[in-house]
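A look at the structure
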Amino acid sequence: MRISLNWLRELVEIKLSPEELAETLTMAGFEVEDIEDRRTWANGVVVGKVLERQPHPNADKLSVCQVDIGAGETLNIVCGAANVKADIYVPVATTGTYLPNIDLKIKPAKLRGVPSQGMICSLKELGLPTDVDGIHIFAQENLPLGSDVRPLLGLDDVILDLTATANRADALSMVGVAREVAALTGGKLSIPEPGEVSIPKTTGNLALKIADTQACPAYIGTVIEQVKIAPSPEWLQQRLRAAGVRPISNVVDITNYVLLEWGQPLHAFDCDRLKSIASSENLTIGVRFANAGESLKTLDGQTRNLSTQNLLITTNEKPVALAGVMGGEETEVHEGTQSLVLEAALFDSVAIRRSSRSVGLRSEASGRYERGVNRAELEIANRRALSLISELASGIIAQQEAADTRPDPSTWSRSIALRLDRVNQILGPIDLGEDTGELQEQDVERILTALGCKLTPSGEDTTHQPRWSVSVPPYRYRDLEREIDLIEEIARLYGYNKFCDTLPEKAEAGYLPLDEELIRKLRAFLRAEGLTELIHYSLVKPGEDREIVLSNPLFAEYSALRNDLIAGLIDAFQYNLEQGNGALNGFEIGQIFWQGEDGLQETEALAGIMGGDRTVGKWSNSGREQPITWFEAKGILESVFRQLALQVEFQPDRRDERLHPGRTASLWIRGNRLGIFGQLHPQLRREKGLPDSVYVFQLDLDVLLESLGQDEILVPTFQPYSTYPASDRDIAFFAPVKISVADIQKVITKAGKDLLESVELFDEYRGENVPEGQRSLAFRLIYRASDRTLTEAEVEPVHNKVREALVEKFGVNLRS
């Protein structure tokens, strides 16, 4: 919020310089982001009177003016503005003046051969917004020539750009900031009392109908007649401009002024336009939530399609404003307005926040309602506005109606128990120079009293420390709720910098938890295989089985929690192809969620996707793509498992409909299901426009980490290498296609026992001379002993056991 020091000085006594005040507010939690010193904008600019204006002899668009600035000698000034004329008072930048907003220093010059001894200024050249294209002409008469123009233009001011924290709704007003400055500096408050206004007791044509009293606890509607719309007086316009608000007309400016002064949003409706929309002389102003399909054209000229989250102001049930956000264009105050309905209301912060968000519209009013408007000062702000409208727009109050469901005023404050020992326990010692000390009873009472609290002693605790019952003022009702809130206020106003800086004792060296260390190692191995780590949102479109759907989503497209990672990886692969980035090889570690028999479930998973040509240079195959094969993709996983010292089994699997039924495997570790690996189904591949060979996997990270946490993996045992030669044997046979190589390898390994060092499949054949439904497999078996050279007599019996086990277990037809 932009704070005018001139305005603030009328509300509170300030003895500090702007820089000191900014430092004090910042240290108290109100960050001053910028200090705008307007006094430098027109330093050296004085009031002058144009005595004579003649056309320039050498230029059609220039004028030669004789200007009196009260210096005894008139100045000859060349001016290019079309609105310059004789007998007007104007701002004149004298020779030597620097205008920072246009980065110009005024020097004696010749313009088309005519000397010029200064410059007649426009408001833009002095840094002020204006709709006038030309120099500024003062409306006042008989101004003292040569006097400083800054008081006349509101440039004798300093603006503080202040940011209030979200819990301090009261600081979004000049009165609230004045109270804060008074508490911080001890300055005397001078908050203006609104003038008394006469409210007729007679009934009129206005009635109220509040459909939802929780969304609108209080509403005051006032009919004002015989209004004269005109520009606001200069003092009001200057205050609005200083706050960054554009002046419009006296009535609209008054509502904005009260908003800035008291933090209470107001809205003025054109009464005749309300009657026109209502098609009746009798008006019923209502507050209700919108019906689906309704729309409203707001003051910014946009037509808003409304939802049931939008709170509306209606006239005879027809929408005329977005409650607490923005008024409607059809009922806005205009130059011909003669009667008003002034709205002063309280709206629920949650209702306004949802309404504002649903239409993508934020305003000064909604920003205050969202944080919470002071319910105790609604009538004060309303009376202030009515008083100003009567004074500046000649309005006459004809009728006022109110609907009030606020709780009893006695409940607008709360009492909080506060203990001095708890204050010092939380805040610690204070720095007294060479010594330290504690906050005393008088410190607490002084600070909280300055904040508007009332303290009542309530005896002593068991340690003989004082206790109080603290009554919170209504304007701090929302953020002072507990004892700790009061302690925070004491620290803030006493000064955070006055407390001792106590460093903690030397901490122990940190370390990574085992799971985090293993995950980092896993990430490193996957990156080493050429996979890029991806991160996706946990929110996805709804529609899957066992999916958890959010009850309050931000967007319909992201209204459910993902129940696997593969879908997101497929979409990422497709997006990269469409953007011309080629095939994506990546992995992701993240949470997945689902509806289980025991309620909502959550776990962490690892998934990856691979496809395309992984080779770098294609010159060796004439530039043709060589898609990755199933075994190459499987090899990437096996390489990672090998580095992690895991024995993972691959078993055929057909449960996931997104994967090829004949090229999908489930992964197992020691009988526990680890995950799934396979090639995308051709139908899904065609729908997504993906290459022929794309492979995905998803692993349960808990199962993986549990296996990696085994002692034999964490602390591997050294296995000595044998210095004796190996003896290798080949075995070939026909086996049914349904028998997996993994099952065959397990049987061979079990039969070979200690002498068998390794088993490797080196050939598979299907076709001519192979029985139907079978395939020819050839394995190489390596036998070795660690303490001797094996003889034929030792190897052959073991090899025969392997042959017999294969025949007995699978009924294979041996070929060798």
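Quick look at the structure, then. Quick caveat: nothing in here was measured; it's all calculated off a predicted structure. (Residues numbered from 1 in each chain as written. Predicted model: local features only at pLDDT ≥ 70, side-chain atom pairs only at ≥ 80, totals over all residues. Heavy atoms only, no water.)

When you line up the elements, S355 lands in helix 8 (residues 349-358). Taking the relative accessible area as the measure of exposure, S355 reaches 0% and is therefore buried. Between the alpha carbons of S355 and P233 there is a distance of 35 Å; along the sequence they are 122 residues apart. Excluding residues that lie within four positions of it along the chain, S355 makes contacts with Q309, N310, L311, L322 and V325. (Helix = DSSP H or I, 4+ residues; strand = E, 2+ residues; numbered from the N terminus. Buried < 20%, exposed > 50% of the residue type's maximum accessible area, 1.4 Å probe, protein only. Contact = heavy atoms within 4.5 Å.)

Moving on, we come to the layout of surface pockets. Within this model, the largest pocket holds a volume of roughly 2,200 Å³. The residue makeup of the lining of the largest pocket, split by class, is 22 nonpolar, 12 polar and 16 charged. In this model, the second largest pocket occupies a volume close to 1,600 Å³. Every residue lining the second largest pocket is counted, 44 residues in all, and those nearest its centre are N563, D564, L565, A567 and R658. When residues of the lining of the second largest pocket are traced back to their parent elements, those giving at least two are strand 30 (539-540), helix 15 (566-578), strand 33 (586-596), strand 34 (599-611), strand 37 (672-680), helix 17 (682-688) and strand 38 (694-700). The greatest single-element share of the lining of the second largest pocket, amounting to 7 residues, is contributed by helix 15. A breakdown of the residues in the lining of the second largest pocket according to their chemical character gives 18 nonpolar, 8 polar and 18 charged. (1 Å grid on protein atoms, 1.4 Å probe; cavity = no way out; pocket = protein on both sides within 12 Å on 5 of 7 lines; lining within 4 Å. Points joined across faces, edges and corners; volume = space filled by probe spheres on them. Nonpolar A, V, L, I, M, F, W, Y, C, P; charged D, E, K, R; others polar.)

With that out of the way, let us pick up unusual backbone geometry. Even without being glycine, N316 reaches a positive phi, approximately 50°. For S394, which is not glycine, the phi torsion reads 55° and is therefore positive. By the element assignment, S394 lies in the loop between helix 10 (378-392) and strand 23 (396-404). Of the residues examined, S394 reaches a relative accessible area of 37% and is grouped as partly exposed.

By size, the foremost hydrophobic cluster in this structure holds 115 residues, and its most contacted members are L8, I313, F347 and L418. When residues no more than four places from it in sequence are discounted, the contact partners of L418 are V423, V444, L448, P466, R467, W468, V470, E483, L486, I487 and I490. Membership of the second largest hydrophobic core comes to 35 residues, among which are F525, L526, L705 and L708. (Core = buried A, V, L, I, M, F, W, Y, C linked by side-chain atoms within 4.5 Å.)

This part covers the sheet that holds strand 32 (residues 560-561). Each strand in a sheet pairs with its neighbour through backbone hydrogen bonds, running either in the same direction (parallel) or in the opposite one (antiparallel). Ordered by their spatial adjacency, 3 strands build an open sheet running 30-32-31, and the pairing between neighbours is antiparallel. Only two strands of the sheet have a single partner each, and these edge strands are strand 30 and strand 31 (548-549). Relative to strand 32, strand 30 is paired through 2 bridges, and the arrangement is antiparallel. Residue L539 lies in a different strand from strand 32, and its bridge partner there is L561. (Pairing = 2+ DSSP bridges.)

Overall, antiparallel pairing links the 3 strands, which are arranged 1-12-2 in an open sheet. Of all the strands in the sheet, the pair left with one neighbour each is strand 1 (2-4) and strand 2 (31-37). The average angle at which neighbouring strand axes cross in this sheet is 25°, direction not considered. Taken together, the 3 bridges between strand 1 and strand 12 (residues 158-163) define a ladder with antiparallel strand orientation. Its bridge partner lying in strand 12, S4 is registered against I159. Packed onto the sheet, helix 2 (residues 18-27) meets strand 2 and strand 12 and runs at close to 165° relative to strand 2. (Axes fitted to C-alpha atoms, helices over the stretch in contact; angles between N-to-C directions.)

The next thing to look at is the side chain of N310. Among the structural elements, N310 can be located in the loop between strand 18 (303-305) and strand 19 (311-315). At a separation of 2.8 Å, a polar atom in the side chain of N310 contacts the main-chain amide nitrogen of S307. Beyond its immediate chain neighbours, meaning those up to four positions away, N310 contacts R288, F289, A290, L322, S355, S358 and V359. (Polar contact = N/O pair within 3.5 Å; in protein donor to acceptor, adjacent residues only side chain to side chain.)

Here we take up empty space enclosed by the protein. Applying the stated criterion to the full structure yields 1 cavity of 30 Å³ or more. Considering only enclosed or pocket space, the largest cavity measures out at about 30 Å³ in volume. In terms of lining residues, the largest cavity is bounded by W262, G263, Q264, V373, N374, E377 and L378. Residues that form the lining of the largest cavity fall into these classes: 3 nonpolar, 3 polar and 1 charged.

Running from amino to carboxyl end, helix 8 crosses helix 9 (residues 364-371) at an angle of 140°, the nearest separation of the two axes being 7 Å. Put simply, helix 8 runs oblique to helix 9. In this structure, helix 8 meets helix 9 at a crossing whose hand is left-handed. Residue-level contacts link S349, I352, R353 and S356 of helix 8 to S366, Y369 and E370 of helix 9. Partitioning the contact of helix 8 with helix 9 into residue classes produces 2 nonpolar, 3 polar and 2 charged. (Parallel < 35°, antiparallel > 145°, perpendicular 65-115°, else oblique. Left-handed = near helix turned anticlockwise from the far one by under 90°.)

Moving on, we come to the packing of helix 14 (residues 514-528) against helix 18 (residues 701-708). The relative placement of two packed helices is expressed as an angle between their axes plus a distance between the axes. At their nearest, the axes of helix 14 and helix 18 sit 10 Å apart, and the two run at 105° to each other. Here helix 14 is positioned roughly perpendicular relative to helix 18, judged by the angle of their axes. Facing helix 14, whose interface residues are D515, L518, I519 and L522, helix 18 presents L701, L704, L705 and L708. Counted by class, the contact of helix 14 with helix 18 contains 7 nonpolar, no polar and 1 charged residues.

What follows deals with the packing of aromatic side chains. With the rule as written, the count across this model stands at 10 aromatic pairs. Pairing W630 with F631 gives two aromatic rings, centres 5.4 Å apart and planes at 80°, and the pair type is edge-to-face. According to the relative accessible area criterion, W630 is buried, its value standing at 18%. Aromatic side chains F650 and F677 sit 6.4 Å apart centroid to centroid with 90° between the ring planes, which places their arrangement in the edge-to-face category. In this pair, F650 sits in strand 35 (residues 649-652) while F677 sits in strand 37, placing the two residues 27 residues apart along the sequence. Here F650 matches F677 in class, with each residue buried. These aromatic residues form a ring-pair network of at least three members: W630, F631, F650, F677 and Y695. Over the aromatic face of Y477 sits the side chain of R375, whose NZ or CZ is 4.7 Å from the ring centroid. One Lys or Arg, K634, reaches over the ring of F650 and ends 4.6 Å from the middle of that ring. (Phe/Tyr/Trp six-rings, centres within 6.5 Å; stacked < 30°, edge-to-face > 60°. Lys NZ or Arg CZ within 6 Å of the ring centre and 35° of its normal.)

Right, let's get into the side chain of T337. Following the sequence through the fold, T337 ends up in the loop between strand 21 (326-327) and strand 22 (340-346). Among the polar contacts listed, one links the side chain of T337 to the backbone nitrogen of H334, at a separation of 2.8 Å.

Bringing the environment of G611 into the picture now. Looking at where G611 falls in the secondary structure, it is placed in strand 34. On the basis of relative accessible area, G611 is assigned to the buried category, the value being 0%. G611 sits 17 residues away from I628 along the chain, and the two C-alpha atoms are 6.0 Å apart.

To continue, consider helix 21 (residues 792-810). Under the 1.5 Å per step criterion, the end-to-end length of helix 21 is 27 Å for 19 residues, consistent within 8% with the ideal 27 Å. Where helix 21 is buried, its residues meet strand 39 (727-736), helix 20 (741-752) and strand 41 (774-783). G811, located one to two residues past helix 21, shows a positive phi value of around 65°. (Expected span 1.5 Å × (residues − 1).)

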